[in-house]
Structures are given as structure tokens and as C-alpha cells.
2 protein chains.
Amino acid sequence: MSFIDFFVLPRISLTFGIVKKIGIVGSGNVATHLVAALQNKGIIIAGLYSRNSTSGKAISARFQIPLFETMEAFNAVDVIIACVSDDAIPVLIPELAKYAPTVTTSGTVDVLAFQHTHPIGVFYPLQTFTKDRAVTFDQLPIFIEASTPTFADALQTLALKLSSEVHLLAADKRKELHLAAVLVNNFTNHLMTLAKNQLEANHLPFSWLQPLLKETVSKIETIPPFDAQTGPARRNDQQTIDAHIALIKNDQLKQLYIQFSKSIQTTYNHD
Amino acid sequence: MSFIDFFVLPRISLTFGIVKKIGIVGSGNVATHLVAALQNKGIIIAGLYSRNSTSGKAISARFQIPLFETMEAFNAVDVIIACVSDDAIPVLIPELAKYAPTVTTSGTVDVLAFQHTHPIGVFYPLQTFTKDRAVTFDQLPIFIEASTPTFADALQTLALKLSSEVHLLAADKRKELHLAAVLVNNFTNHLMTLAKNQLEANHLPFSWLQPLLKETVSKIETIPPFDAQTGPARRNDQQTIDAHIALIKNDQLKQLYIQFSKSIQTTYNHD
């Protein structure tokens, strides 16, 4: 607890770990999905502030939330959830925390290092949020970090209204988790883009891969991925690996194919 | 149709595109899943031949299929489905095709190039088959190639009993499809292994990534992967990319992370 924290009287609702009124900053995918999930559980959004006035107005109209013109309006809320890009956090968080306890939804930024008047923290829902696609929060893990134990309690209570999977997690571990999430989401998605491009260049439909894709992920619910590995690199079938490399025209994909085969062969002691 | 094909009288059942009796070669995952799917549709497996006597006996006992001691026994079947490794195909297929029309389940091998007495071909179900895990064939695409139109008809009729997604596909296209399948299955699976290792080195459970993994694949049913891409490389956030690279201890993963970021940045014109 910093010197400043000590002299700011905690709001009564936060003292008992209860968040009644929420303010939202941002109007992107995370803000949209979080607002939908909160309202779905009957939680009131007191107001929304967005630097992008077009998308801010759109989300305000869609969810019937007052649009705040200035940050001062957050004086009346229990928690501000800032769903903003990592770049914006260092300037925005200390500013917002002048008016109310504030969290970001970032997986990577070490938020507690910033100056703060009110308590600050992290409310990180581990999911990929896409426009026009509903997301179920029920079993989606939410990770909490806070500058005071009281604020941590309040954030956990709030998170538990959305999901049964709520964990306190410090920044160093959250960064490792975010890295793992990049591997299984961002990189898997890019593999799908590369596969689609490669199929379409040969006039073959990407939809043929759908059952395979589903099973690839489903089987990991019962089998560790180490045991589920199949394919030419797993069985050290250099002939097929070389044939595939010769087939690939995209140079970035060629490098990835070579690197993956090397990594799989190393993992299974074929090197 | 080769000179030899011409002098081999087609079996009556094949003339009408009907496969009544099937012989299976092999006793691995593909053989096991295919036998289960065929029996499930009431199709009779006349016999099974396997070089591995232990697993051959196991599958014979489990599915109540006669175990053939010699290949000559296949004289009485309409089709032999050889579920064997790519390495075994060049020797095995010409040998099996002395006794009955024969297919492999391989995605990569150019089967029609081999010598054959009876017709030969490919019966390639595009899926990842894992031990002790049931697979639904109903919508799983099956790709057919055959040395004669009559045999192609018979194979299509058989495949349609298992799945509604049956396509004729020549070897060159099948190889491209197999390459794409390696990307979305083998490489995605390896990313999961790397993510799991990296989480467990930090005492974090892999299960936290499950909802993310599911959504990563589910959203591709409605959104093209190009549009679904998110993450640091997509938004050209070099600071987070560098922070992740610094976190990674496994050198193979580090190289993959660098190569993926480069490929994503190139795809979205950030290079």
C-alpha cells in the first residue's frame, strides 16, 4: 500500500468487497464483450468513456449506457474497467485512478508499477474476443491482481459473478500465461490462415479441414498434446518433410515448416 | 487402364460399384478407427492381416474379425484397405493387388504409379486418429482416387456409407491437402505442447487455456482466419513481441516465436 493509498478513504461498497457501479473505458472488442457479459448478469454500467466517439456512441446506444464526456464523471463509480490497448495504459491508468479504483484488462502490462491515487489492478479475462461473435463467460478464466487486498476482494467478487474460474495472479505469472495464450491462439490462427491460403491457391476449400481442426483441439481435453502428436516430423519421416518443403511456395511458411519440423524432432529426440 | 488390368476380369460386385467384403491390412490407429466405423454401418470385414501379430490379434479379438495368416486369403474379398505406413506402401501395394483391388489410406503417396494386377487406389479419410478415442465419420471428408472408373465408383459408394463428404481427388491435390492438414493438426498440436511445457515450467495449469483453444477453432466456422487474427504481431506491437522473446527459454520455441511474428507481420503488411 503506497503512501497515497493510505490517505484515500476506501468507498463503503469496496470496504465490503461489493462493486455496485462500474465505469467502462474503451469501445473495442473487449469492452463490447465485457459490457454484454456484465449486463447479462444484471450488473449496472454507470457510464462509458471512449476516445473514439463513433464506436463509443455505437456501444452506448446498443447497451443503453450513458456516454461520459470527461473522466471526472467516473468519480461516482466503484470501479473503472479500462479496456484499452497496452500502449494507452501508462498515461491513462494514473489519470483514471484519480477518480476511482481502476483496472485494465491487459495480460502483459505491469499495472501495479504505475502511480495511483485510488487502488489499481488487473481484470484479465483469458479469451479471444471477436466482433459480432458472442462469448460465454461462465467457465472463462478471469485473472485478478490488485494494489490492495480489499480491492482484490472486490474484483474477485465481481469476477465470480461472470465466471466460476477466478484466480489471483501476479504480473510475472500473468505474462507467462499471456505468452502461452499467444502460442495457442494467435499462432494457431495464423497457421489456419496459411493453410487456407495454400489450399485456395490449389482451388481446394478450407472447409474440408474443419472436422480435423475440431478434433485437434477436442482430443486435448482427454489426451496430453505430447501424446497426441502425429505426423511426418513426429515419426521422423524425412522424405515426407522434404516433399512438403518442396511443395510450399510462400517463403514465410517454408521457414515455419522447417522450424516446426526441427522443434518436433527435437521434442521427440529425433535430432 | 494398364495392359494387366485389361486381362483381369472385374469381380461382379465391383462391376456394379458394390463392395460387399472388405479386407483390412494393418492394426494401428487408422485400421482400428476404420474397422469400427465400417462395422458400425453393418459392413462386413472378411479378414485382417497384420505384420504386428500382437496388435493384429488384439484388433481381431476386439472386433471379431478373422485373422488372415497369408495375403492369399484376400483372394476372396472385394477390396483390401491397407492402413499402413507410407514406407510400407511401395512394396506392399503391388503384392496385395495380386489378390484383390487395393487402396491405401495415405495422404501423400502417389499410389497409382505402382504396378498393379487388380485396380489400385486411395481411400483417404482426413482426420487425426488417436488410440482410445472414438471418431465420428459422418461428416469427415473422405478422398478417393482409383486406377479405373469402376473402382472409383465402388470406392465412392463405400465411402458414402461412412460419410456424406466424399470427393474424388488426384494425387497432386491430395498432397497439397495433406500439407495443409499437417499445418492445422500437427503444428497446432505442437504449439499446444510448447504452451503446456512453458506454463508448467511456471507452475501454471494448461487447463486454463482450454476455453481459449476451443474458441480459437470455433470462431473459424463463421469468420475467416485472416479476419480473426489478433495479438501483438497482428497489431505490430514490437514491445510485447520483444518482451515475449525475452521470456522464452526453449530455443526452438524462441525461433518459432520470431518466425511466426515475422510471418504475421508480413501477412498484414507490417514489414
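What you are looking at is a predicted structure, and each value in this text was computed from that prediction instead of being measured.

(A) Region of interest: the interface of chain B and chain A. Counting residues at the interface gives 88 residues for chain B, matched by 88 residues for chain A. A combined buried area of about 8,500 Å² lies between chain B and chain A, and 66% of that area is made up of carbon and sulfur atoms. Among the residues of chain B in contact with chain A, Arg133, Phe187 and Trp208 of chain B are the three that bury the most area, contributing 9% of the side total. For the pair chain B and chain A, the interface holds six salt bridges. The closest approach of N and O atoms between arginine 235 of chain B and aspartate 86 of chain A, which form a salt bridge, is 3.9 Å. Here chain B is connected to chain A by 42 residue pairs in polar contact (both at pLDDT 80 or more).

(B) How the structure looks around the relation of the copies chain B and chain A. Under the fitted operation, chain B is carried onto chain A by 0.0 Å of movement along the axis and a turn of 180°, and the coordinates agree to an RMSD of 0.0 Å. In short, the pair behaves as if placed about a two-fold rotation axis. When each C-alpha of chain B is compared by its distance to the rotation axis, threonine 188 of chain B comes out closest, at 2.8 Å. By residue overlap, the copies meet face to face through one surface: 100% of the interface positions of chain B are interface positions in chain A.

(C) Representation of the side chain of threonine 130 of chain B within the structure. Here threonine 130 of chain B is to be found in the loop between β5 (120-125) and β6 (142-146). Apart from the residues within four sequence positions on either side, threonine 130 of chain B is in contact with Lys219 and Ile223 of chain A together with Asn29 and His33 of chain B.

(D) Local environment of the sheet that holds β6 of chain B. All names here are of chain B. Strand order across the open sheet formed by seven strands is β2-β1-β3-β4-β5-β6-β7, with mixed pairing between neighbours. The sheet is open, and its two borders are formed by β2 (44-49) and β7 (166-168), each paired with just one other strand. For this sheet, the mean inter-axis angle between neighbouring strands, taken without regard to orientation, is 25°.

(E) Up close: the sheet that holds strand β7 (residues 166-168) of chain A. Residue and element names in this part refer to chain A. The seven strands lie next to each other as β2-β1-β3-β4-β5-β6-β7, forming an open sheet whose pairing is mixed. A strand with exactly one partner marks an edge of an open sheet, and here the two such strands are β2 (44-49) and β7. Each adjacent strand pair in this sheet contributes to an overall mean axis angle of 25°, direction not counted. Relative to β7, strand β6 (residues 142-146) runs parallel, the two being bridged by three bridges. Among the inter-strand pairings, phenylalanine 143 is bridged to a residue of β7, identified as histidine 167. The sheet strands contacting helix α3 (residues 29-40) are β1 (21-25), β2, β3 (79-82) and β5 (120-125), and the helix crosses β1 at an angle near 165°. The strands that helix α6 (residues 149-162) touches are β1, β3, β4 (102-104), β5, β6 and β7; relative to β6, the one it contacts most, it runs at about 165°.

(F) Region of interest: the pairing of strand β3 (residues 79-82) of chain B. Residue and element names in this part refer to chain B. Residues Val79 and Ile81 of β3 are buried on one face, and the alternating residues Ile80 and Ala82, pointing to the opposite face, are buried as well. When strand β1 (residues 21-25) meets β3, the two strands line up parallel, connected through four bridges. Paired with valine 25 across the bridge in β3 is alanine 82. Pairing of β3 with strand β4 (residues 102-104), which is carried by three bridges, proceeds in the parallel orientation. Its bridge partner lying in β4, isoleucine 80 is registered against threonine 102.

(G) Representation of the packing of helix α11 (residues 251-267) of chain A against helix α7 (residues 171-201) of chain B. For the pair α11 of chain A and α7 of chain B, interaxial distance at closest approach is 11 Å and the crossing angle is 50°. Viewed along their axes, α11 of chain A and α7 of chain B adopt a mutual orientation that is oblique. When you trace α11 of chain A past α7 of chain B, the crossing you get is left-handed. Contacts between α11 of chain A and α7 of chain B involve Leu253, Tyr257, Phe260, Ser261, Ser263, Ile264 and Thr267 of chain A from the first element and Leu179, Val182, Leu183, Asn186, Phe187, His190, Leu191 and Leu194 of chain B from the second.

(H) Molecular detail of the nonpolar core. The biggest cluster of nonpolar side chains holds 120 residues, and the ones touching the most others in it are Leu177 and Leu209 of chain A together with Leu177 and Leu209 of chain B. Dropping the residues within four chain positions of it, leucine 177 of chain A is found in contact with Tyr124, Leu126, Phe143 and Leu169 of chain A together with Leu199, Leu204, Trp208 and Leu209 of chain B.

(I) Here's a closer look at the pairing of β5 of chain B. Residue and element names in this part refer to chain B. Within β5, six of the six residues are buried, which leaves the element mostly enclosed by the surrounding structure. Across the two faces of β5 the burial is the same, with Ile120, Val122 and Tyr124 and Gly121, Phe123 and Pro125 all buried. In this sheet, β5 lies alongside β4 in parallel orientation, the contact comprising three bridges. Each bridged residue has a counterpart across the sheet, and for threonine 104 the counterpart in β5 is valine 122. As defined by bridge partners, β5 adjoins β6 across five bridges and the pair is classed as antiparallel. Its bridge partner lying in β6, glycine 121 is registered against alanine 146.

(J) Just the environment of proline 125 of chain A, in detail. Residue and element names in this part refer to chain A. Looking at where proline 125 falls in the secondary structure, it is placed in strand β5. Residue proline 125 is classed as buried on the basis of its relative accessible area, which comes to 4%. Through-space distance from the C-alpha of proline 125 to that of phenylalanine 143 is 6.3 Å; in sequence the pair is 18 residues apart.

(K) Up close: unusual backbone geometry. All names here are of chain A. Although it is not a glycine, glutamine 64 adopts a positive phi angle of roughly 55°. Relative to the elements of secondary structure, glutamine 64 occurs in the loop between α4 (53-63) and β3. In this structure glutamine 64 comes out as exposed when scored by relative accessible area, which is 69%. One non-glycine residue with positive phi stands out, namely histidine 203, at about 60°. For histidine 203, the location among the structural elements is in the loop between α7 (171-201) and α8 (210-218).

(L) Quick peek at the environment of serine 27 of chain B. Residue and element names in this part refer to chain B. Counting through the fold element by element, serine 27 comes out in the loop between β1 and α3 (29-40). Along the backbone, serine 27 and alanine 82 are 55 residues apart, and their C-alpha atoms lie at a distance of 9.7 Å. Those residues in contact with serine 27 that sit more than four places away from it in its chain are Thr32, Ser50, Asn52, Ser55, Gly56 and Ile59. Here the side chain of serine 27 touches serine 50 through a polar contact of 2.8 Å, side chain to side chain. At 2.6 Å, the side chain of serine 27 forms a polar contact with the side chain of serine 55.

So, how was this worked out
- Residues numbered from 1 in each chain as written.
- Chains lettered and ligands numbered in written order.
- Predicted model: local features only at pLDDT ≥ 70, side-chain atom pairs only at ≥ 80, totals over all residues.
- Heavy atoms only, no water.
- Contact = heavy atoms within 4.5 Å.
- Buried area = accessible area lost by both parts, 1.4 Å probe.
- Salt bridge = Lys/Arg side-chain N within 4 Å of Asp/Glu carboxyl O.
- Polar contact = N/O pair within 3.5 Å; in protein donor to acceptor, adjacent residues only side chain to side chain.
- Least-squares fit on C-alpha atoms with pLDDT ≥ 70 in both.
- Helix = DSSP H or I, 4+ residues; strand = E, 2+ residues; numbered from the N terminus.
- Pairing = 2+ DSSP bridges.
- Axes fitted to C-alpha atoms, helices over the stretch in contact; angles between N-to-C directions.
- Buried < 20%, exposed > 50% of the residue type's maximum accessible area, 1.4 Å probe, protein only.
- Parallel < 35°, antiparallel > 145°, perpendicular 65-115°, else oblique.
- Left-handed = near helix turned anticlockwise from the far one by under 90°.
- Core = buried A, V, L, I, M, F, W, Y, C linked by side-chain atoms within 4.5 Å.

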